[in-house]
Amino acid sequence: MFKIAQIVSTFPPYMGGMGNVAYQYSMALQKAGNSVSVFTPQIRKFQPHTTESSLFHIHRLRSILSYGNAAFLPQLAWKLSEFDVVHLHYPFFGSTEAILLAKKFFKHLKLITTYHMDVFSDNCMVNVFVKYSNKFILPKIIEASSKVIITSYDYNESGFLGKFIKQKPSKFVEIPLGVDIHKFKLASKSEKLLEKYKLDAFTKIILFVGALDAAHSFKGVPVLLSAFKKLNKYKLLIVGGGDKLSEYKKLAVSLGISESSIIFAGKIDGYDLPGYYNLADVLVLPSTSSGEAFGMVLLEAMSCGTPVIASNLRGVRSIVSDQAN
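Nothing here was measured: the structure is a model prediction, and the numbers come from that model.

Caption draft 1: Structural view of the packing of helix H3 (residues 96-105) against helix H4 (residues 124-144). The geometry of H3 relative to H4 is characterised by a closest axis approach of 11 Å and an angle of 40° between their N-to-C directions. With respect to H4, the axis of H3 lies oblique. The hand of the H3/H4 crossing is left-handed. Residue-level contacts link Thr96, Glu97, Leu100 and Lys103 of H3 to Ile137, Lys140, Ile141 and Ala144 of H4. Across the contact of H3 with H4, the residue classes break down as four nonpolar, one polar and three charged.

Caption draft 2: Local environment of the layout of surface pockets. In this structure, the second largest pocket spans a volume of roughly 350 Å³. Taken together, 17 residues line the second largest pocket, and the ones lying closest to its centre are Gln24, Tyr25, Met27, Ala28 and Asp180. For the lining of the second largest pocket, the leading source of residues is helix H1 (residues 17-31), giving seven residues. Partitioned by chemical class, the residues of the lining of the second largest pocket number 11 nonpolar, two polar and four charged.

Caption draft 3: Local environment of the packing of aromatic side chains. According to the stated counting rule, one finds nine aromatic pairs in the structure shown. Summarising the aromatic geometry, the rings of Phe11 and Phe56 are spaced 6.3 Å apart at their centres and angled 85° between planes, so their arrangement reads as edge-to-face. With a gap of 45 residues between them, Phe11 in the loop between strand E1 (3-7) and H1 and Phe56 in the loop between strand E2 (35-41) and strand E3 (57-61) connect regions that are remote in the sequence. The residues Phe11 and Phe56 share a single accessibility class, namely buried. Among the aromatic residues, those joined into a cluster by ring pairs are Phe11, Tyr23 and Phe56. Positioned above the aromatic ring of Phe83 is the side chain of Lys3, whose terminal nitrogen or guanidinium carbon lies 5.5 Å from the ring centre. Here Arg314 stacks its cationic end above the ring of Tyr155, 4.5 Å away from the centre of that ring.

Caption draft 4: Geometry of empty space enclosed by the protein. Taken as a whole, this structure holds one cavity of 30 Å³ or more when the rule is applied. If you go around the largest cavity, the residues you meet are Tyr90, Phe92, Phe93, Gly94, Thr96, Glu97, Phe129, Tyr132, Ser133 and Ile137. Taken together, the elements giving at least two residues each to the lining of the largest cavity come down to H3 and H4.

Caption draft 5: Representation of the packing of helix H8 (residues 221-228) against helix H9 (residues 245-254) within the structure. The contact between H8 and H9 brings their axes to 10 Å, and the two run at 25°. Classed by the angle they form, the pair H8 and H9 counts as roughly parallel. Regarding H8 and H9, the two cross each other, and that crossing is right-handed. Side by side, H8 and H9 meet where Val221, Pro222 and Leu225 of the first sit next to Tyr248, Leu251 and Ala252 of the second. Residues that form the contact of H8 with H9 fall into these classes: six nonpolar, no polar and no charged.

Parameters and conventions
- Residues numbered from 1 in each chain as written.
- Predicted model: local features only at pLDDT ≥ 70, side-chain atom pairs only at ≥ 80, totals over all residues.
- Heavy atoms only, no water.
- Axes fitted to C-alpha atoms, helices over the stretch in contact; angles between N-to-C directions.
- Helix = DSSP H or I, 4+ residues; strand = E, 2+ residues; numbered from the N terminus.
- Parallel < 35°, antiparallel > 145°, perpendicular 65-115°, else oblique.
- Left-handed = near helix turned anticlockwise from the far one by under 90°.
- Contact = heavy atoms within 4.5 Å.
- Nonpolar A, V, L, I, M, F, W, Y, C, P; charged D, E, K, R; others polar.
- 1 Å grid on protein atoms, 1.4 Å probe; cavity = no way out; pocket = protein on both sides within 12 Å on 5 of 7 lines; lining within 4 Å.
- Points joined across faces, edges and corners; volume = space filled by probe spheres on them.
- Phe/Tyr/Trp six-rings, centres within 6.5 Å; stacked < 30°, edge-to-face > 60°.
- Buried < 20%, exposed > 50% of the residue type's maximum accessible area, 1.4 Å probe, protein only.
- Lys NZ or Arg CZ within 6 Å of the ring centre and 35° of its normal.

Everything listed is a geometric property; what it means functionally is a separate question.
Structural data, given as structure tokens:
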């Protein structure tokens, strides 16, 4: 048995792929007999995710300074001394340095890093910070890690990690993400959801699932709304919440999309997601940049037997076969 610390910038109930991946890792590792603790910032009001989270420890740490999903947690440095393995979900701006410090002082620590995505922003100051991190922090994280997990070579060989993969190929291992096929499975349309949204079993539904906040602007909701405007006899169901929700609602109105043809479901519990996938005729992931590295919602939808439409982005295209799924 190992004592494992999962370090991640976001965690359920926040809707985001990185946190969901960390949650699934934690569940599986705990069930395999390890002792797992999750360290994540407490930067929002939250409710406990589910009763299952009691299987492992969740430490929501107060941040000295935070911006978006970045948080400064210097206390991490001494909280990691008792662990055998530290699993960093990168990027985690503001707290990566604390992990490097812990690794320096506690020689027994083994660091494993999962590199989730390259970071891009429309904010010039954020881009300056990202460039600084890529130049000075990222190389140190790679050097300190026993292994760096990537979800696909297709995404990373031409991204920020490209030069490091060429220099030290043995340091990297490709482990595609997966879903719980016992949770995400084919089922009949939920009568409860049909009644809730005043739908009938014959309504053609286009589904989008994703966080609707500034950190996930790359999800491409404006592209989806503009495209949907051109369609008839369909219903667009958008699942997700965040600080850009009201902006997207106003955009839908300005585009002339009638209230009767679009549903903003808001944030839902992750355990209700399979019902939404089974309600839909197709899931759309209209992401617009390499901020989207994989697309967990695509796997979740396909596991429920729902076909998908996705942007032709590196990484994403590694799990979507044109005209096949």
